[in-house]
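# Understanding the architecture of this molecule
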Amino acid sequence: MIGKLVKTGGLILMALGLFSACTARKYIIGTDPKLEEITYIHAGGGGMDYFSSWNYSASKSLSSGRCTMSARMYDEEIADMKEVNTEITAEEYESILKSVEGLKYAEYKPDTQVMDGYSESAGISWGKRVSGNYRIEFGNEGMRPLITAFRSVLHAHPQKQLDVTLSMDQAWIFAQWDSAEEECTYEVTLYSRAESTEGEVAMSALSSFETGGTSEAISDRIAYYCQEYNTDTVRNPIDLVVGVKAVKDNLTVASGLSDLLSLKYFFPPSEAPVLKEDIALEDIVLFKWNSSGSSMENIFSFYADMSSEPALYSYSYFSANGYTEDEKEVSQDFCDRLREYIGRGKLYRRHVMDPDIHELDGGEKYFRIEWNGMDDGQRRYYRIEFDEEDEAELTAFLKENAQ
């Protein structure tokens, strides 16, 4: 009896499924719904390869009548996906809809046996909620008329090209670009560009951010990326390219891509040179100890330039006797003794803060040296530290000679 009930129930479910399939609603675009009722149309495709994906879409606001279009596709110039968002006219929006007028919008069942491969589909939206999986049924021409209509409208709205320039001075890297329109937001992406021996170009995003200005110092963004991925530009040079997109009212109004800037001696390895082994003490030509603390006693600066004769020593600090500031020439004996103190220290690569995190206050205290043959990256990112006892002796020596 139970077997008969199960069998009978199965037959009923099959019958209901067949009835549902036979009665699934098919809509005729342009008739039901009418073209003026359609608020959104899209087409897209792709496969297992990320770069094979693409999509176009257009929408219309029934309240304001504003029409927009978006496109996303692979761009060979940047070897990455490119997105375009632009405002279009009502006539252009209608021209896209007319390319599918008369076609059926029907329910379909995806093939569950397909594990990979390329597929594409298109759909519409209007005021009525349609339940189930629906897509536009195309004829012999396939999706070509719709894609042609999308591309024709996109071609009629060429983006303004931004002139993006890069410059580097002593490991400070600056990006600058044109002003597109008032009240724009600029979406900036830093890319590492690589080209294979076969000529294939790959672009990897290192960092991205938004800004309201038309220039930005981007050194620490690149350094932060290298730090977090445990790499450096000496052993793994970067060919830097910067892309900028100007966005206003959620639409892209202009975009641009910089020329390539090669970075090698920019961000040094975490394994810093060893004093007295890799760097001879007599090659040290500059010492700087700065502190910008919140209390008077933690605001000071000691600076010794030993690159020429006579060497110069400048200092400023607070003590029980008040504020002291001066500069004077110093002897070779002073330089030799200072180098001996420096030799007790240890070089390290300073930690780079996340550039998207902004500290409200706080001070900084650091020792820095320079030596003959030092490159700009080492100068910007290497610091020197001392243990507590050596730091106390060095401080006493510096203040003793600040008379």
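Above this text is the structure in question.
Here we summarise the structure given alongside this text. (Residues numbered from 1 in each chain as written. Predicted model: local features only at pLDDT ≥ 70, side-chain atom pairs only at ≥ 80, totals over all residues. Heavy atoms only, no water.)

### Comments concerning unusual backbone geometry
Cis peptide bonds are those with omega within 30 degrees of zero, and the linkage from D32 to P33 qualifies with 10°. Summarising the element assignment, P33 is placed in the loop between strand 1 (27–28) and strand 2 (38–46). Cis geometry marks the peptide bond from E309 to P310, where omega comes out at -5°. By secondary structure assignment, the location of P310 is in the loop between strand 19 (299–305) and strand 20 (311–319). Of note, the phi angle at D249 is positive, near 55°, even though the residue is not glycine. Relative to the elements of secondary structure, D249 occurs in the loop between strand 15 (238–248) and strand 16 (251–257). Despite not being glycine, K276 has its phi angle at roughly 75°, a positive value. (Helix = DSSP H or I, 4+ residues; strand = E, 2+ residues; numbered from the N terminus.)

### A few points about the pattern of salt bridges
Summed over all chains, the structure comprises 17 salt bridges. For the salt bridge of E87 with R66, the shortest nitrogen-to-oxygen distance reads 3.6 Å. Of this pair, E87 sits in strand 5 (residues 80–88) while R66 sits in the loop between strand 3 (54–60) and strand 4 (67–75); the two residues are 21 residues apart in sequence, bridging distant segments of the chain. Judged by its relative accessible area of 39%, E87 is partly exposed. (Salt bridge = Lys/Arg side-chain N within 4 Å of Asp/Glu carboxyl O. Buried < 20%, exposed > 50% of the residue type's maximum accessible area, 1.4 Å probe, protein only.)

### Observations regarding a negative patch on the surface
On the surface, E325, D326, E327 and E329 cluster together into a negatively charged patch. Here E327 lies in strand 21 (residues 322–330). (Patch = residues over 30% accessible without salt bridge, like charges linked within 9 Å, V, L, I, M, F, W, Y side chains within 5 Å. Areas by Shrake-Rupley, 256 points an atom, 1.4 Å probe, with all protein chains shown as cover. Lys, Arg positive; Asp, Glu negative; His and termini not counted. Charge placed at Lys NZ, Arg CZ, Asp CG, Glu CD.)

### So, the sheet that holds strand 10 (residues 165–169)
One open sheet accounts for three strands, arranged 10-11-14; its pairing is antiparallel. Only two strands of the sheet have a single partner each, and these edge strands are strand 10 and strand 14 (215–217). Between one strand and the next, the sheet's axes are offset by a mean angle of 20°, whatever the strand orientation. Of the strand pairs in this sheet, strand 10 and strand 11 (residues 172–176) are connected by five bridges, and their pairing is antiparallel. Following the sheet pairing, L166 is matched in strand 11 by A175. (Pairing = 2+ DSSP bridges. Axes fitted to C-alpha atoms, helices over the stretch in contact; angles between N-to-C directions.)

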